[in-house]
There are 2 protein chains.
Amino acid sequence: MTIMKIVEEIDRAQNIAITSHVMPDGDNIGSMLALYNALSGMGKHVQVFSSDNPPHVFSFLSGYENIKNCTNQTKENFDILFVLDCGSIDRIGNCSKLTERSDKIINIDHHGTNSNFADISVIDTNASATGELVYDLIKQMKVDITKDIAYCLYTSILTDTGGFRYSNTSPKTHFIIAELISSGIDFGMIYDKIYRNFRYQDISALGKALSTIELYHDGKIAYMELLKNDIEDVVGYDCDHDNINTSDFIDFARDIEDVEVAVFVKEFASNEYKISLRSKSYVDVKLICEKNGGGGHVRAAGCTIIGNSIEEVKGKILKQIEAQVRCDKGDSI
Amino acid sequence: MTIMKIVEEIDRAQNIAITSHVMPDGDNIGSMLALYNALSGMGKHVQVFSSDNPPHVFSFLSGYENIKNCTNQTKENFDILFVLDCGSIDRIGNCSKLTERSDKIINIDHHGTNSNFADISVIDTNASATGELVYDLIKQMKVDITKDIAYCLYTSILTDTGGFRYSNTSPKTHFIIAELISSGIDFGMIYDKIYRNFRYQDISALGKALSTIELYHDGKIAYMELLKNDIEDVVGYDCDHDNINTSDFIDFARDIEDVEVAVFVKEFASNEYKISLRSKSYVDVKLICEKNGGGGHVRAAGCTIIGNSIEEVKGKILKQIEAQVRCDKGDSI
């Protein structure tokens, strides 16, 4: 069994590095720090490297403060380099030099495609998160699941399953979570830190966007906009507009009952409007966005439209959506 | 064991009624319909009664359409009346007449206080939901957990644990959920139906309220308002203002980083303002509300303030909150 081979490598190793993909998320940070805490507890010399700074929201995890940026990486050599949650080696960004200074590369991942870059690989696409596979490894290492480790693994699995609701959540996911919470961790706090910890400017901009929602086409289309003026009201003039995280705004419009397509128009620069589209069950919004030079997926797509005014852009995109709704409705209505 | 006694009673019974508390929620409907589906599958004659109409959001559960209103209850007699999720018999509202026409009353509940009104009672305050106890019973009845039953129990447990994040969630909760999802239910759909299925008027009013959020007292107080005019913009004039569900609005203000107290002022009638207060970790908002003739809990309270204008009311409540923040901060800051 591959996991037993990894346990043997760990037994022989003293100097261990752990890294993961660029733009770190909860599974990335959670699985790296779970392994870091487990290996440190065994007395190994362990270092965690990240190409990008880890999001502050995960700073409650034990070991977070020891995550090192790869731009300042040491000249040390490592017996093992663990590459977690990555299907290919270029996903580790500027941590790639670690590979040259490591005797063995071990890859643990749950993504569908893998370039087979490691000396030892554990790839399981049935795992909801890389954290599930790190849990399996820690159990085989005969290390106790301490509270510190449980916090990390819970974070990893919670975030990659969207709170245990995505279809990647399996019975095994819940068995693991049952063991993790029996360690006595405050899992409600984890949820609040990650999902209920808003910034004033984001909530304020969300309010401005939601208060513009209008329904069209017999309630099947929800339209929402956020103008430059509104953003400036929130962040100030000549400030970084991208400092507002609007990525989830459109979900509120999509999730209104009977809505099939949601559109969010964000004024980006003079005459330049970023369009996000979502559909619930049958309209292909990718086709609409491709027509405007953008792209994406059938249920989530985006594009940029140049126009003289918000009215012009709104009229144009609504007309295109209405045409696509009529085209796609088929027997779904 | 009490549960075995219940199984014996079920074996002897033919005509069975099930009811639960007034103002039905997910655990109420989910646990009633899980038991209904299990008993029906055994060939029993089962009827489900509710004092209030069950919320439409649960209409995807098998048996929902058979829930009967107690005002039109039949003159039938029952071998068993199951009273679920109730600590006292008056909680079943106008279904109370069922008790006179039932040979045996069986109470299954997880609340802390119980008036011991039933012939047989299973009370377990460690259960996250009555659905957990109904799961135990169904297992003892040797009935298979069908998809229909799994949908009901998942709904019951999901809603009473707030998506497995409240502190009542136990390892056993996750073990049960693991078995329920192994039946192949679409649990993502359950989540979306219950938590991501908004009404246009609620989202629109949420936008209006969030866009008024202002921070005071060095970011420790978040103020938010919703005026009659704004509500009328959404629901129309002379319409039922209570038709907007504003109960969760204040959570967005409370959950802004560094905010300790959130206040939501809702203009209710001329000169009449409903105040909701929430605090995060150390301010006693109940004291503030009691001062204004209201009440509640330390972290969540409410009151009504009469005033000539929103400015007057806003000034008054902010002054009271600031005083309480100064009073309570003690060593928490």
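Residues numbered from 1 in each chain as written. Chains lettered and ligands numbered in written order. Predicted model: local features only at pLDDT ≥ 70, side-chain atom pairs only at ≥ 80, totals over all residues. Heavy atoms only, no water.

So what about the interface of chain A and chain B? Which residues, and what values?
Taken together, the contacts link 37 residues of chain A with 37 residues of chain B. Summed over both partners, the interface of chain A with chain B comes to about 3400 Å²; 66% of that surface belongs to carbon and sulfur atoms. Broken down residue by residue, the surface that chain A buries against chain B is led by Arg-165, His-174 and Tyr-200 of chain A, which jointly contribute 18%. Across the chain A-chain B interface, the total number found is two salt bridges. (Contact = heavy atoms within 4.5 Å. Buried area = accessible area lost by both parts, 1.4 Å probe. Salt bridge = Lys/Arg side-chain N within 4 Å of Asp/Glu carboxyl O.)

Before we move on, could you go through the state of the cysteines and cite the residues and values that matter?
Taken as a whole, this structure holds two disulfides over all chains when the rule is applied. In this model, Cys-70 of chain A is linked to Cys-95 of chain A through a disulfide, with the two sulfur atoms separated by 1.8 Å. Measuring the twist about the S-S bond at about 95°, one finds the Cys-70 of chain A-Cys-95 of chain A disulfide to be right-handed. With Cys-70 of chain A in the loop between strand 3 (67–69) and strand 4 (78–84) and Cys-95 of chain A in the loop between strand 4 and strand 5 (102–109), the pair connects residues that are 25 residues apart, well separated along the chain. Cysteine Cys-303 of chain A shares no disulfide, and the gap to the nearest cysteine sulfur, in Cys-289 of chain A, comes to 3.9 Å. Assessed through its relative accessible area of 6%, Cys-303 of chain A is described here as buried. Free of any disulfide, Cys-152 of chain B has its nearest neighbouring cysteine sulfur in Cys-86 of chain B, separated by 18 Å. (Disulfide = S-S within 2.5 Å. Helix = DSSP H or I, 4+ residues; strand = E, 2+ residues; numbered from the N terminus. Buried < 20%, exposed > 50% of the residue type's maximum accessible area, 1.4 Å probe, protein only.)

With reference to specific residues and values, describe the packing of aromatic side chains.
Residues and elements named next belong to chain B. This model, assessed by the stated rule, comprises 15 aromatic pairs over all chains. Judged by centre distance (5.8 Å) and plane angle (80°), the ring pair of Tyr-154 and Phe-164 falls under edge-to-face. With Tyr-154 in helix 4 (residues 147–160) and Phe-164 in the loop between helix 4 and helix 5 (171–181), the pair connects residues that are ten residues apart, well separated along the chain. Considered together, Tyr-154 and Phe-164 belong to a single accessibility category, that of buried residues. (Phe/Tyr/Trp six-rings, centres within 6.5 Å; stacked < 30°, edge-to-face > 60°.)

Can you break down the pairing of strand 1 (residues 15–19) of chain A residue by residue, with the values?
Residue and element names in this part refer to chain A. Along strand 1, five of the five residues are buried, which leaves the element largely enclosed by surrounding structure. Every second residue of strand 1 is oriented toward a common face, with Asn-15, Ala-17 and Thr-19 on one face and Ile-16 and Ile-18 on the other, all of them buried. Bridge analysis of strand 1 against strand 2 (residues 45–50) gives five bridges, and the strand direction is parallel. Residue pairing across strands places Ala-17 opposite Gln-47, the latter belonging to strand 2. (Pairing = 2+ DSSP bridges.)

So, the pattern of salt bridges: which residues are in play, and what are the values?
Evaluation of the coordinates by the stated rule reveals 22 salt bridges over all chains. The residue Asp-136 of chain A makes a salt bridge to Lys-172 of chain A at a minimum N-O spacing of 2.7 Å. Of this pair, Asp-136 of chain A sits in helix 3 (residues 130–140) while Lys-172 of chain A is found in helix 5 (residues 171–181), placing the two residues 36 residues apart along the sequence. Taking the relative accessible area as the measure of exposure, Lys-172 of chain A reaches 35% and is therefore partly exposed. Beyond isolated ion pairs, a larger network of salt bridges with shared partners links Arg-196 of chain A together with Asp-251, Arg-254 and Asp-255 of chain B.

Account for the sheet that holds strand 3 of chain A, with residues named and values stated.
All names here are of chain A. Within the open sheet, the six strands sit side by side as 3-2-1-4-5-6. Their pairing is parallel. What marks the edges here is a single partner per strand, and that holds for strand 3 and strand 6 (120–123). The mean angle between the axes of side-by-side strands here comes to 25°, regardless of whether they run parallel or antiparallel. Where strand 5 lies against strand 6, four bridges are found, and the strand directions are parallel. What sits directly across from Asp-109, in strand 6, is Ile-123. Packing against the sheet, helix 1 (residues 2–12) makes contact with strand 4, strand 5 and strand 6, and its axis sits at approximately 135° to strand 6. Together, strand 1, strand 2, strand 3 and strand 4 form the strand contacts of helix 2 (residues 26–41), whose direction differs from that of strand 2 by roughly 165°. (Axes fitted to C-alpha atoms, helices over the stretch in contact; angles between N-to-C directions.)

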